[in-house]
Amino acid sequence: MTSGANQGEQIGIMHPFMLLIKPAGPDCNLECRYCFYCGKRELFGRGAHRMSDEVLETMVRDYLGLGFSMSSFAWQGGEPTLMGLDFFRQAIDYQQQYGKGGQAVSNSLQTNGILLDDGWCRFLHEYKFLVGISLDGPQHLHDVYRRDRRKRGTFTLVMEAIERCRANKVEFNILVLLNDRNVGAVDELYDFFRGLGLRYLQFIPCVERDPQTGKAADFSITPAQYGDFLCRLFDRWLAHGTKKVSIRLFDSIMSYYVNGHHTNCTFNERCDDYVVVEHNGEVFCCDFFVEGQWKLGNILQTPVGELFNSDRKRDFARRKREVAHRCFVCRYFPICRGGCVKDRMVLSGDHKALNYYCSSYRQFFDHALAELMQLPLRR
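What counts, and at which threshold
- Residues numbered from 1 in each chain as written.
- Predicted model: local features only at pLDDT ≥ 70, side-chain atom pairs only at ≥ 80, totals over all residues.
- Heavy atoms only, no water.
- Helix = DSSP H or I, 4+ residues; strand = E, 2+ residues; numbered from the N terminus.
- Rg over C-alpha atoms; globule rule 2.2 N^0.38 Å.
- Buried < 20%, exposed > 50% of the residue type's maximum accessible area, 1.4 Å probe, protein only.
- Contact = heavy atoms within 4.5 Å.
- Areas by Shrake-Rupley, 256 points an atom, 1.4 Å probe, with all protein chains shown as cover.
- Lys, Arg positive; Asp, Glu negative; His and termini not counted.
- Charge placed at Lys NZ, Arg CZ, Asp CG, Glu CD.
- Pairing = 2+ DSSP bridges.
- Axes fitted to C-alpha atoms, helices over the stretch in contact; angles between N-to-C directions.
- Left-handed = near helix turned anticlockwise from the far one by under 90°.
- Salt bridge = Lys/Arg side-chain N within 4 Å of Asp/Glu carboxyl O.
- Disulfide = S-S within 2.5 Å.
- pLDDT = per-residue confidence, 0-100.
- Phe/Tyr/Trp six-rings, centres within 6.5 Å; stacked < 30°, edge-to-face > 60°.
- Lys NZ or Arg CZ within 6 Å of the ring centre and 35° of its normal.
- Right-handed = clockwise from strand over helix to strand, strands pointing away.

Chemist: Outline the overall build of the protein, supporting the account with residue identities and numerical values.
Modeler: Secondary structure assignment for the protein yields 15 helices and 10 strands. Relative to the 2.2 N^0.38 estimate, which gives 21 Å for 379 residues, the radius of gyration of the protein is 20 Å and therefore close to what a compact globule would have. Here the C-alpha coordinates of the protein stretch approximately 50 × 50 × 50 Å along the principal axes. Taken over 379 residues, the protein has a buried fraction of 54%. Across the protein, contacts joining residues at least 24 apart in sequence account for 71% of those joining residues at least 6 apart. Of the roughly 17,000 Å² that the protein leaves accessible, carbon and sulfur atoms contribute 49%. The averaged location of the 45 negative side-chain charges in the protein is 4 Å from the averaged location of its 48 positive side-chain charges.

Listed below in structure tokens is the structure:
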């Protein structure tokens, strides 16, 4: 086994990548019906899923041993705060122990917010975590799907967590999962977030396959709904003032025109920004593909740098380029690159199929692209 201290030099890493870490696996304190990751419990067996100290130390040591100028740890779930605050204190201790002089380390935490008390918030502020909090809109929209195991809505608890983050000066943004209930309420959503002074927003379209029918599950949104949503959201954002609110998809497109690359992996040319590290040390290509076919190995046997550079990971990354024939004659292909592979396969099972949201993106690009291309020049 290659040691973490020199593995980056030995395997010839081409570019930095980040770790998307599932320290509690698919475990969560909520039961959101649209959650795609809760089904992974079948893969890992029954009982609680928790990352051991051995896995944690090995992961941090070997990843920082790659010597990237910026090493990024993204803690997700399930619900990562189920690990408890002491686990994350230990993670910071290992980062400080194994990091080298001049090496920057970033941590982010995606959470439902339910467990964020003042102790958590003080910790997150002290160590400069960027926190993503899931909030699907005002209470009557959020509580439709985001419920606890007793079927109780969680809106009030999430809002309390947001206020604690503000009081403790935690940097946070909002993640909205667009579903069949809130996708038609773009004005209500925008006014709600604007009224709360929430400036950093990410809208994720939801589509999952119903195993009974083979069609999109009832909580999914249609391509037409998503296209309409994006166009109306853009109009509201433009009218409000583009410097006042950051919307991740729009920012990514502007980054593409300014820097030549996206900040959102959906539109990247290859799927090679990160790997997923599960609670037991198993590594996968992507959190949408935590399945046997795309398991790369285990960090307790093979350093994470070698897993990232494995033939299987390269094969997965290349699949992003294998698109539907129609994509090659589309004027927007250089921008979207066929979209997320998961959204190509969700109903068809074919990574070369046309993206489920293809018509959504074309509608949006027709509506907004000319303006988006000019915005960076005006800022």
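Okay, back to it.
Chemist: Lay out the sheet that holds strand E8 (residues 274-278) in plain terms, naming residues and giving numbers.
Modeler: In space, the 10 strands of this open sheet follow the order E7-E6-E5-E4-E3-E2-E1-E8-E9-E10, with mixed pairing throughout. Each edge of the open sheet is held by one strand with a lone partner, namely strand E7 (246-247) and strand E10 (295-298). As judged from the 2 bridges shared by strand E6 (residues 200-205) and E7, these two strands associate in the parallel manner. Within the sheet, the bridge partner assigned to Tyr-200 lies in E7 and is Ser-246. Strand contacts of helix H8 (residues 186-195): strand E5 (171-178), E6 and E7, with the helix running at about 165 degrees to E5, the strand carrying the most contacts.

Chemist: Go over the packing of H8 against helix H9 (residues 223-240) with me, naming the residues and quoting the values.
Modeler: It is the contact of H8 with H9, at a shortest axis distance of 9 Å, that shows an interaxial angle of 40 degrees. The way H8 lies across H9 gives a crossing that is right-handed. Side by side, H8 and H9 meet where Val-186, Asp-187, Leu-189, Tyr-190, Asp-191 and Arg-194 of the first sit next to Phe-229, Arg-232, Leu-233, Arg-236, Trp-237 and His-240 of the second.

Chemist: Could you give me a rundown of the pattern of salt bridges, with the residues and numbers involved?
Modeler: Applying the stated criterion to the full structure yields 20 salt bridges. Asp-148 serves as the salt-bridge partner of Arg-152, at 2.8 Å between the closest nitrogen and oxygen. On the accessibility criterion, Arg-152 (45% relative accessible area) is partly exposed. Owing to a relative accessible area of 11%, Asp-148 belongs among the buried residues under this scheme. Put simply, Glu-160 and Arg-164 hold a salt bridge, and the shortest N to O gap is 4.0 Å. Within this pair, Glu-160 and its partner Arg-164 are both found in helix H7 (residues 155-167), separated by 4 residues, close to a single helical turn. Its relative accessible area of 27% is what places Arg-164 among the partly exposed residues.

Chemist: Any details on the state of the cysteines? Residues and values, ideally.
Modeler: Chemically, a disulfide is nothing more than a covalent bond linking the sulfur atoms of two cysteines. A complete count under the given rule lists 0 disulfides for this structure. Between Cys-28, a free cysteine, and Cys-32, which holds the nearest cysteine sulfur, the sulfur-to-sulfur gap is 6.0 Å. Cysteine Cys-121 shares no disulfide, and the gap to the nearest cysteine sulfur, in Cys-165, comes to 4.0 Å.

Chemist: Report on the environment of Ala-24, specifying residues and quantitative values.
Modeler: Here Ala-24 is to be found in the loop between strand E1 (18-22) and helix H2 (41-44). The exposure class assigned to Ala-24 is buried, which follows from its relative accessible area of 1%. Apart from residues no more than four positions distant in its own chain, Ala-24 is found in contact with His-49, Arg-50, Glu-79, Leu-82, Met-83 and His-279.

Chemist: Explain the confidence of the model for the protein residue by residue, including any values.
Modeler: When pLDDT is averaged across the protein, the result is 94; 96% of the residues are at 70 or more. Counting interchain partners and residues more than four positions distant, the pLDDT-below-50 stretch residues 1-5 has 13 contacts.

Chemist: Describe in detail the packing of aromatic side chains, supporting the description with residues and values.
Modeler: Under the definition given, this model contains 40 aromatic pairs. Each ring, one from Trp-294 and one from Phe-316, has its centre 5.2 Å from the other, and the planes form 65 degrees; the classification is edge-to-face. Of this pair, Trp-294 sits in the loop between strand E9 (282-284) and E10 while Phe-316 sits in helix H12 (residues 311-319), and the two are 22 residues apart along the sequence. Of the two residues examined, Trp-294 and Phe-316, each falls in the buried class. Through a chain of ring-to-ring contacts, three or more aromatic side chains come together here, namely Phe-17, Tyr-63, Phe-68, Phe-73, Trp-75, Phe-87, Phe-88, Trp-120, Phe-123, Tyr-127, Phe-129 and Phe-308. Over the aromatic face of Phe-333 sits the side chain of Arg-337, whose NZ or CZ is 5.1 Å from the ring centroid.

Chemist: Tell me what's going on with the pairing of strand E3 (residues 104-111), and back it up with residues and numbers.
Modeler: When strand E2 (residues 70-75) meets E3, the two strands line up parallel, connected through 6 bridges. Within the sheet, the bridge partner assigned to Met-70 lies in E3 and is Ala-104. Remark: the E2/helix H4 (residues 85-98)/E3 crossover connection has right-handed handedness. The sheet contact formed by E3 and strand E4 (residues 130-134) spans 4 bridges and is parallel. By the bridge assignment, Gln-110 is partnered in E4 with Gly-132. A crossover connection joins E3 to the parallel E4 through helix H5 (residues 118-126); in handedness this β-α-β unit is right-handed.

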